[in-house]
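Here is what each chain is made of, one letter per residue.
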Amino acid sequence: MATDTQNSQKNGDTPERTDTICTNHNSLANAIRALSMDAVQAAKSGHPGLPMGAADIATVLFTRFIKLDPKKPNWPDRDRFILSAGHGSMLLYSCLHLLGYEDMTIEELKNFRQFGAKTAGHPEYGHATGIETTTGPLGQGIGNAVGMAIAERLLATRFGDDIVDHYTYVLCGDGDLMEGISHEAISLAGHLKLSKLIVLFDDNNISIDGPLDLTESGDQLARFKAAGWNASRIDGHDPEAIANEIAAAKLNSGPSLIACKTIIGFGAPNKQGTSGVHGAPLGEAEIAAARKQLGWDHEPFEIPSGIRDAWRLGGLKSAKASRSWQERLEGLDADTRAEFERRTRGDLPASFAGAIEAYKQELADNPPTIATRKSSQAALTVINAIVPETIAGSADLTGSNNTNTVDTLPITPDDFSGRFIHYGIREHAMAAAMNGMALHGGLIPYSGGFLIFADYCRPSIRLAALMNLRVIHVLTHDSIGLGEDGPTHQPVEHLASLRAIPNLNVFRPADATETAECWQLALESKNTPSVIALTRQDLKPARLDFSARNLCALGAYEVRGANDEAVVTLFASGSEVELAIEAKAMLDKAGKPTRVVSVPCFELFAQQSAEYRKSIIGSAGVHIGIEAAIRMGWDQIIGSDAIFIGMSTFGASAPYKELYQHFGITAQAVVDAAISQLEK
């Protein structure tokens, strides 16, 4: 049934038009509708339904509530707005243009979805200011928002409410709430009582296939309430109802869901309320009819000055708050201000590199034989003591991942002074929340899981790589070396799968020294996420001599040279470097000079000069790659004609040494393969 607000426009009441500043809500909202349908039509593709249906929600939110400053778009204490339903990107682009963000010009709107435009089909972080995250894969935005809300509370606890005090707003659709990641994220947010997280649900009962009741019969409000949220439903086309509910939500003691009942494609008389308006241009005839219905008789992309001025005032409403915040920041003591600004820039403490170098010297003096997951914890003990912005966590595997240290006390719903998040068994939400924390700024998130469960994190890892975020995934139990848990938990294809993602560094260190170096590289990589794959089983030290240089930064390097000209070169990563060193000793003894190359990071090796790569690959007649995983990716280093010792099937349940023997990943197998090749 149509509401009074809907009827006022359906009956042809002309929204207020004046050369003075417009105060009529309908006119401000119709500016979003007009820009959105015009841009989608010009692009001949896009999604006009959500921007037209949610325009009232966005108008109230941006002109009355959200704290932002288009002149200082990266103001650290701004509110964050996440369009989780990223297909409705023209809603965001229209608002940013109307609010006065300088890089969101009318020309950018006219170039919607065109190559090189800031106005991509789905919002992309870094393309324009005001875009807080890349959305499109549904549910991810909600997960990011949970991370941003966590970051706000953590930093407010550290620096005080005078410096950190802002809200995170989300606009989502039915699709976001159907995705499994939303269930995990909603549960985590409710548990942590994230009271400054407000989700506005564009509740329009339409999906691509048609009416929502084709696929959904659940009660979203009951679901959110059960997870510890405040939840309510309002008319999403009634500006005062929207405003009143947002104001009430800001007073709640936990996160809030506001289900805004809307009509998708509001204003398009023949298509509104149907799936036909979701993901295709309206067409010239329907746009003309919509202009008449909405009382909008302006040319495409034309915004009357009175309406534009009203929106610009909405963009300026927090300018005074921005200036006051700057004054408070400048009033901090010098050390606190310097620390806040350092974290905001994303710089590491000046003492970081020296601390890692000193730790490496300790390892060279007393090289340990331990699993690299324990080496990681030892490195983190050094790191977390001097890098206070690291935020640790684990997906209910803390004792296995070893991601906690003495400096990372637990974060609880009522105490955010800690630095360790118990994510529970929520890998999807954990990875998305980590992205949100990194996007927020001021923190460096890392978390732990099993490598096999990288599949649950993969969508967020990919988005972190796309957005150039510094997030670090500690993924342990990295091969059949985990033993008895069997093939359900033994990753064989996962290293190759992760290495296939552009702009992701996949580290697989061979010992404690390499682990420390990999951590250093991950933390120093401001624009690249990292995976650190670690063993369950103990490993002998591969590096016995101290080097101030970070050799893992080369991606691959010679860890054992040959006394004479090498006839065999063994390339290995992680736990198999130990095996390669053992095989080298056997081959040397047999009169076959052999060198060993440790390959902790394919991606960094590929970035080295051609001359360096050639020198490391060398001219030995026999190349053998060794990794307890599938061969995919190794040929770029060892060559397609080389020998590979690894996995080609799934694993099995048995003690790990028996598994290595069964699958032929042994020093003797390497020796036999090398000699056989040499004798051909």
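## Side note on the overall build of the protein chain
When helices and strands are counted, the protein chain shows 28 helices and 20 strands. Structurally, the protein chain occupies a C-alpha span of about 95 × 55 × 45 Å along its principal axes. The 680 residues of the protein chain split such that 61% are buried. For the protein chain, the accessible area works out to roughly 25000 Å², and carbon and sulfur atoms hold 49% of it. Computed over 60 positive and 81 negative side-chain charges, the inter-centroid distance for the protein chain is 2 Å.

## Examining the pairing of strand β12 (residues 472–476)
Along any regular strand, the residues point their side chains to alternate faces of the sheet. Burial within β12 is extensive, with five of its five residues counted as buried. With burial as the criterion, each face of β12 is covered, one bearing Ile 472, Val 474 and Thr 476 and the other bearing His 473 and Leu 475. In this structure, strand β11 (residues 444–450) lies alongside β12, joined through five bridges in parallel fashion. Directly across from Ser 447, in β12, lies its bridge partner His 473. What joins β11 to β12 is helix α20 (residues 454–467), and the crossover it makes is right-handed. Direction of pairing for β12 relative to strand β14 (residues 530–533): parallel, over a ladder of four bridges. Across the sheet, the residue bridging to His 473 is Val 531, located in β14.

## Some details on the confidence of the model for the protein chain
Confidence in the prediction of the protein chain, expressed as mean pLDDT, is 96, and 97% of residues score 70 or more. Taken as a whole, residues 1–19 scores under 50 in pLDDT and shows 41 contacts with residues more than four places along the chain or in a different chain.

## Here's the deal with the sheet that holds strand β16 (residues 557–560)
With mixed pairing, the five strands of this open sheet are ordered in space as β16-β18-β17-β19-β20. Strands with a single pairing partner mark the edges of an open sheet, and in this sheet they are β16 and β20 (643–645). Between one strand and the next, the sheet's axes are offset by a mean angle of 30°, whatever the strand orientation. Docked against the sheet, helix α25 (residues 610–617) engages β16, β17 (568–572), β18 (594–598) and β19 (622–626), running at close to 135° with respect to β18.

## Some details on a nonpolar patch on the surface
There is a patch of nonpolar side chains on the surface, built from Ile 21, Leu 313 and Leu 316 and spanning about 260 Å² of accessible area. Relative to the elements of secondary structure, Ile 21 occurs in the loop between α1 (4–10) and α2 (25–43).

## Some points on the side chain of Asn 402
By the secondary structure assignment, Asn 402 is in the loop between α18 (398–401) and β10 (420–422). Asn 402 gets classed as buried once you look at its relative accessible area, which sits at 9%. Reaching out from Asn 402, the side chain makes a polar contact with the backbone oxygen of Gly 399 at a distance of 3.5 Å. Excluding residues within four positions of it along the chain, Asn 402 makes contact with Arg 373, Lys 374, Gln 377, Leu 380 and Leu 397.

## Here's the deal with helix α4 (residues 55–65)
Most of α4 is tucked away: ten of the eleven residues are buried. Every buried residue of α4 is listed here: Ala 55, Asp 56, Ile 57, Ala 58, Thr 59, Val 60, Leu 61, Phe 62, Thr 63 and Phe 65.

## Considerations on the environment of Ser 530
Residue position: Ser 530 is located in strand β14. Placed 61 residues apart in sequence, Ser 530 and Leu 469 show a C-alpha to C-alpha distance of 9.3 Å. Apart from the residues within four sequence positions on either side, Ser 530 is in contact with Val 471, Ile 472, His 473, Leu 504, Asn 505, Phe 507 and Ala 522.

## Let's talk about the pattern of salt bridges
Within the structure shown, the criterion is met by 27 salt bridges. Residue Glu 341 is joined to Arg 337 by a salt bridge in which the shortest nitrogen-to-oxygen separation is 2.9 Å. Taken together, the positions of Glu 341 and Arg 337, both in helix α15 (residues 334–345) and four residues apart, correspond to about one turn of that helix. Classification of Glu 341 as partly exposed rests on a relative accessible area of 27%.

## Examining the sheet that holds strand β7 (residues 256–261)
Spatially, five strands are ordered β1-β2-β3-β7-β6 in an open sheet, and the strand pairing comes out parallel. At either end of the open sheet lies a strand with only one pairing partner, and these are β1 (80–83) and β6 (230–235). Recorded for the sheet is a direction-independent mean angle of 20° between the axes of neighbouring strands. Against the sheet, helix α7 (residues 140–159) contacts β1, β2 (168–172) and β3 (197–203), and its axis sits at roughly 170° relative to β2.

## Description of the packing of aromatic side chains
Throughout the structure, instances matching the rule amount to 14 aromatic pairs. Centre to centre, the rings of Phe 602 and Trp 634 are 4.9 Å apart; their planes meet at 85°, and the pair counts as edge-to-face. Here Phe 602 is found in helix α24 (residues 602–606), whereas its partner Trp 634 is found in the loop between β19 and α26 (635–638), with 32 residues between them in sequence. Note on accessibility: Phe 602 and Trp 634 belong to one class, buried. Here the aromatic residues Trp 75, Phe 159, Trp 325 and Phe 340 are joined through ring pairs into a cluster of three or more. For the cation-ring pair, Arg 158 lies above Phe 159, with the distance from its terminal atom to the ring centre recorded as 4.5 Å. Above the ring of Phe 602, the side-chain terminus of Arg 499 is found at 3.8 Å from the ring centroid.

## Describing helix α12 (residues 284–294)
Listed as buried for α12 are Glu 286, Ile 287, Ala 290, Arg 291, Gln 293 and Leu 294. Mapping the buried residues of α12 onto a view down its axis gives an arc of 165°, with all of them on the same face. Those residues of α12 that are exposed and aimed more than 90 degrees away from the buried face are Glu 284, Ala 285 and Lys 292. Two residues or fewer past α12, Gly 295 is found with a positive phi of approximately 70°.

## Thoughts on the nonpolar core
Ile 150, Leu 194, Leu 197, Met 437 and Leu 498 are the most contacted members of the largest nonpolar core, which has 70 residues in total. Looking at which element gives the most residues to this core, the answer is α7, with eleven residues. Residues contacting Ile 150, with those up to four places away along its chain left out, are Leu 192, Leu 194, Phe 416, Ile 421 and Met 437. In terms of nonpolar packing, the next biggest core, distinct from the first, is built from 60 residues, Ile 66, Ala 120, Cys 260 and Phe 301 among them.

## Examining the environment of His 166
Along the chain, the position of His 166 falls in the loop between α7 and β2. Discounting chain neighbours no more than four positions away, the residues touching His 166 are Lys 67, Pro 76, Asp 77, Arg 78, Asp 79, Arg 80, Glu 152, Lys 196 and His 440.

## Examining unusual backbone geometry
Its identity as a non-glycine residue notwithstanding, Lys 193 has a phi of 55°, on the positive side. Its place among the elements puts Lys 193 in the loop between α9 (180–192) and β3. On the basis of relative accessibility, which here comes to 37%, the residue Lys 193 falls in the partly exposed class. Positive phi values are uncommon outside glycine, yet Asn 402 reaches one of about 60°.

## Comments concerning the pairing of β17
Burial runs high along β17: five of the five residues are buried. Pairing of β17 with β18 involves five bridges; the strand directions are parallel. Directly across from Ala 572, in β18, lies its bridge partner Ser 598. Regarding the hand of the β-α-β motif, the stretch spanning β17, helix α23 (residues 575–589) and β18 is right-handed. Relative to β19, β17 is paired through five bridges, and the arrangement is parallel. For Ala 572, the partnering residue across the bridge sits in β19 and is Ile 626.

What counts, and at which threshold
Residues numbered from 1 in each chain as written. Predicted model: local features only at pLDDT ≥ 70, side-chain atom pairs only at ≥ 80, totals over all residues. Heavy atoms only, no water. Helix = DSSP H or I, 4+ residues; strand = E, 2+ residues; numbered from the N terminus. Buried < 20%, exposed > 50% of the residue type's maximum accessible area, 1.4 Å probe, protein only. Areas by Shrake-Rupley, 256 points an atom, 1.4 Å probe, with all protein chains shown as cover. Lys, Arg positive; Asp, Glu negative; His and termini not counted. Charge placed at Lys NZ, Arg CZ, Asp CG, Glu CD. Pairing = 2+ DSSP bridges. Right-handed = clockwise from strand over helix to strand, strands pointing away. pLDDT = per-residue confidence, 0-100. Contact = heavy atoms within 4.5 Å. Axes fitted to C-alpha atoms, helices over the stretch in contact; angles between N-to-C directions. Patch = residues over 30% accessible without salt bridge, like charges linked within 9 Å, V, L, I, M, F, W, Y side chains within 5 Å. Salt bridge = Lys/Arg side-chain N within 4 Å of Asp/Glu carboxyl O. Polar contact = N/O pair within 3.5 Å; in protein donor to acceptor, adjacent residues only side chain to side chain. Phe/Tyr/Trp six-rings, centres within 6.5 Å; stacked < 30°, edge-to-face > 60°. Lys NZ or Arg CZ within 6 Å of the ring centre and 35° of its normal. Arc of directions from axis to C-beta. Core = buried A, V, L, I, M, F, W, Y, C linked by side-chain atoms within 4.5 Å.

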